[in-house]
Amino acid sequence: MSEGTTSGAGGAGATAPPRRVRVHHLRQAKAEGRRLTMLTAYDAVTARLFDEAGLDLLLVGDSIGNTMHGHATTLPVTLDELVVAARSVAGATRRALVVADLPFGSYEAGPAQALASGVRMLKEAGVAAVKIEGGTRIVPQVEALTGAGVPVVGHLGFTPQSEHLLGGPRVQGRGQEAADRLTADALALQEAGAVAVVLEMVPAPVAARVTEVLEVPTIGIGAGAACDGQVLVWTDMAGMTGWSPRFARRFGEVGAALTAAAEAYAAAVRDGGFPGPEHTFER
């Protein structure tokens, strides 16, 4: 996984993680059995922290609508809003591969619209790839993007932009017919040029089967441990709110720590303890 360096940690021929993650490293990671790590990021501060922590990929997701903008769904998020967020993340990142969602309404009309949106993301935001939702129906869009040099990450299973059509956040791919259709969609995305496929809220055996048949890596979120990598919304991962989805694990309680810090600050201001002499300019 390095660009010219090797490590003996994984045995003969094993390679170390790259200094800068590129799209070809994703397939290489799958071949080597090295699991990919991915978190969402929406601003330069968190992007820098996650990049320094060694994350392989950062996703500027349209989940910004739920987590940062206060919307009930991802649907109101605009391309302009995501370009600004993605520019902040890409500018703060030195190692991770930055992927940005194309939001609802920015690619569904066809290949020309998808290409225009993807080009904006690469030119104006500086990301390395875009992510779009859907299977066989968006193959023309994927082909147009990849044909123009825009790497694409697919997204199958529960696709939040289709939440109303799917009847809410429900597990997808249950039953043989649905599982076969999901597998066929994944293969179609790969054939169209997708560099990876996100599987969201998919039964673990189905995700394992898709992972087995694909040459490109799968990145799971609520899709079991057999995927080639995992992604979480960072606010779920860090425990920023009182509720987390079933498939998310809270690796910290940052929300409680931030609340405590704010309370301590407010108390220090009210009782005159802040600012102190050490925080004051006398001349």
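No experiment lies behind these values; they were computed from the predicted model shown.

(A) Broad picture of the nonpolar core. Counting 75 residues, the largest nonpolar core has M121 and L199 as the members making the most contacts within it. With seven residues, helix α4 (residues 79–92) is the largest single contributor of residues to this core.

(B) Representation of the environment of M121 in the model. Topologically, M121 is positioned in helix α5 (residues 111–125). Assessed through its relative accessible area of 0%, M121 is described here as buried. Residues M121 and V84 lie 37 residues apart in sequence; the distance between their C-alpha atoms is 9.5 Å. When near neighbours in sequence (up to four residues on either side) are disregarded, M121 contacts L79, L82, V83, A86, A100, D101, L102, G126, V127 and V130.

(C) Structural detail: helix α11 (residues 254–270). Compared with an ideal rise of 1.5 Å per residue, which puts 17 residues at 24 Å, α11 spans 24 Å between its outermost C-alpha atoms and is within 8% of the ideal. Count one or two residues on from α11 and you reach G272, which has phi positive near 80 degrees.

(D) The arrangement of the domain arrangement of the protein chain in detail. Here the protein chain is partitioned into domain 1 (3–251) and domain 2 (253–283). Each of domain 1 and domain 2 has a C-alpha centre, and these two points are 39 Å apart. Between domain 1 and domain 2, the contact holds four residues from the first and five residues from the second. In total, domain 1 and domain 2 occlude about 350 Å² of area from one another, counting both sides; carbon and sulfur atoms represent 51% of this. Considering only the side of domain 1, the residues that lose the most area to domain 2 are A238, M240 and R250, jointly responsible for 76% of the buried surface there. In this structure, the connection of domain 1 to domain 2 is made through one salt bridge. The closest approach of N and O atoms between R250 and E253, which form a salt bridge, is 2.8 Å.

(E) View of the packing of aromatic side chains. Per the stated rule, a full pass over the model turns up two aromatic pairs. Ring geometry for F50 versus W234: centroids 5.9 Å apart, planes at 65 degrees, classification edge-to-face. Taken as a pair, F50 in helix α2 (residues 44–52) and W234 in helix α10 (residues 234–237) lie far apart in primary sequence, 184 residues in all. Like F50, the residue W234 is buried in the burial classification.

(F) Spatial organisation of the environment of V150. Its place among the elements puts V150 in the loop between α6 (139–147) and β5 (152–157). Using a relative accessible area of 3% as the deciding quantity, one classes V150 as buried. Note: C-alpha distance between V150 and L115 (35 residues apart in sequence) is 8.2 Å. For V150, the residues in contact, after removing those within four places along its chain, are G118, L122, V130 and L145.

Scoring rules and cut-offs
- Residues numbered from 1 in each chain as written.
- Predicted model: local features only at pLDDT ≥ 70, side-chain atom pairs only at ≥ 80, totals over all residues.
- Heavy atoms only, no water.
- Core = buried A, V, L, I, M, F, W, Y, C linked by side-chain atoms within 4.5 Å.
- Buried < 20%, exposed > 50% of the residue type's maximum accessible area, 1.4 Å probe, protein only.
- Helix = DSSP H or I, 4+ residues; strand = E, 2+ residues; numbered from the N terminus.
- Contact = heavy atoms within 4.5 Å.
- Expected span 1.5 Å × (residues − 1).
- Domains from an automatic or database assignment.
- Buried area = accessible area lost by both parts, 1.4 Å probe.
- Salt bridge = Lys/Arg side-chain N within 4 Å of Asp/Glu carboxyl O.
- Phe/Tyr/Trp six-rings, centres within 6.5 Å; stacked < 30°, edge-to-face > 60°.

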